[in-house]
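Overview (structure and organization)
So you can see what is in the structure, the chains are spelled out below.
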Amino acid sequence: MVITISDNAANQIQEMMKEESAGARLRFGIKGGGCSGLSYSLGFEYEVNEELDTIEDINGVPVVFFNQDIPIIEGTKIDYKQNMMGGGFSIDNPNAIVSCGCGSSFRTKDKVGTPGDC
């Protein structure tokens, strides 16, 4: 399994998927940018390229990964936390050696990315 999705996060994602068209999958990966160089990409996907993507069912959520992202996100834990200000997803990536204050930007030992706005 590439990543782990907590029960709280899986429940929240499944609720969000009810608003999507049939065949929606969660796509999780990275993109360049953010103040540390890389940012997480989390959204819904309808098309999958079997040569470039990997699909896994994780805690009842169909997840798509771009194969190139897997070494950078492998072992990541996604959780959903609710508090008095609302709720949000938290991402804990053991490969990140630098993260910024916003929590959505990071850098790994081997992948720096291009810093941008946070």
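For the structure, see preceding data.
Now for a description of the structure that goes with this document. Residue numbers restart at each chain and count upward from 1, following the sequence in its written direction. Only residues with pLDDT of at least 70 get local features here, since the model is predicted, and only at 80 or more are side-chain atom pairs given and counted; chain-wide, interface and lining totals rely on the full set of residues. Only hydrogens and water are set aside when side-chain values are computed; all heavy atoms of the structure are taken into account.

Things to note about the environment of Val 61
- Topologically, Val 61 is positioned in strand E5 (residues 61-66).
- Throughout, a contact is declared for two residues whenever any of their heavy atoms are within 4.5 Å. Every residue in contact with Val 61, bar those within four places of it in the chain, is listed here: Ile 5, Ala 10, Ile 13, Gln 14, Leu 26 and Glu 56. Each helix is a run of H or I in the DSSP string that is no shorter than four residues. Each strand is a run of E no shorter than two, and both are numbered from the N terminus.

Remarks on the side chain of Asp 69
- Here Asp 69 lies in the loop between E5 and helix H2 (70-73).
- Partly exposed describes any residue whose relative accessible area lies between the buried limit of under 20% and the exposed limit of over 50%, with all areas from a 1.4 Å probe on protein chains only and scaled to the type maximum. Positive residues here are Lys and Arg, negative ones are Asp and Glu, while His and the chain termini are left out of the count. Here, a salt bridge means any Lys or Arg side-chain nitrogen found within 4 Å of an Asp or Glu carboxyl oxygen. Despite its burial, Asp 69 pairs with no opposite charge, the nearest such side chain being Arg 27 at 6.2 Å.
- Residues within four places of Asp 69 in sequence aside, it is in contact with Gly 29 and Ile 30.

Thoughts on the packing of aromatic side chains
- Side-chain rings of Phe, Tyr and Trp (the six-membered ring for Trp) are treated as a pair once their centres are within 6.5 Å; stacked means planes under 30 degrees apart, edge-to-face means over 60, and tilted covers the remaining angles. In total, this model carries 2 aromatic pairs according to the counting rule given.
- Between the aromatic rings of Phe 28 and Tyr 40, the centroid separation amounts to 5.8 Å while the plane-to-plane angle is 15°, which identifies the pairing as stacked. Of this pair, Phe 28 sits in strand E2 (residues 25-32) while Tyr 40 is found in strand E3 (residues 38-45), placing the two residues 12 residues apart along the sequence.
- On the basis of relative accessibility, which here comes to 12%, the residue Tyr 40 falls in the buried class.

Some words on the environment of Arg 27
- Topologically, Arg 27 is positioned in strand E2.
- The exposure class assigned to Arg 27 is buried, which follows from its relative accessible area of 18%.
- Remark: the alpha-carbon pair of Arg 27 and Asp 53, spanning 26 residues in sequence, is separated by 9.8 Å.
- With residues up to four places along the chain from it excluded, the contact list for Arg 27 reads Ser 41, Leu 42, Gly 43, Glu 45, Glu 47, Asp 53, Val 64, Phe 65 and Phe 66.
- A polar contact of 2.9 Å, which involves the side chain of Arg 27, links it to the side chain of Asp 53. Residues adjacent in sequence count toward polar contacts only when both atoms are side-chain atoms; beyond that, a polar contact is any pair of N or O atoms within 3.5 Å, and within protein one must be able to donate a hydrogen and the other to accept it.

Points about the environment of Pro 94
- Along the chain, the position of Pro 94 falls in the loop between strand E7 (86-92) and strand E8 (96-99).
- When the C-alpha positions of Pro 94 and Glu 74 are compared, they lie 8.1 Å apart, and in sequence the two are 20 residues distant.
- Not counting chain neighbours up to four residues away, the residues in contact with Pro 94 comprise Glu 74, Gly 75 and Thr 76.

A few points about the pattern of salt bridges
- All told, the structure shown has 3 salt bridges when counted by the stated rule.
- Note that Glu 15 and Lys 18 form a salt bridge whose closest N and O atoms lie 2.8 Å from each other.
- Judged by its relative accessible area of 44%, Glu 15 is partly exposed.
- For Lys 18, a relative accessible area of 61% corresponds to the exposed category.
- Between Arg 27 and Glu 45 there is a salt bridge, with its nearest N and O atoms 2.7 Å apart. With Arg 27 in strand E2 and Glu 45 in strand E3, this residue pair connects regions lying 18 residues apart in the sequence.

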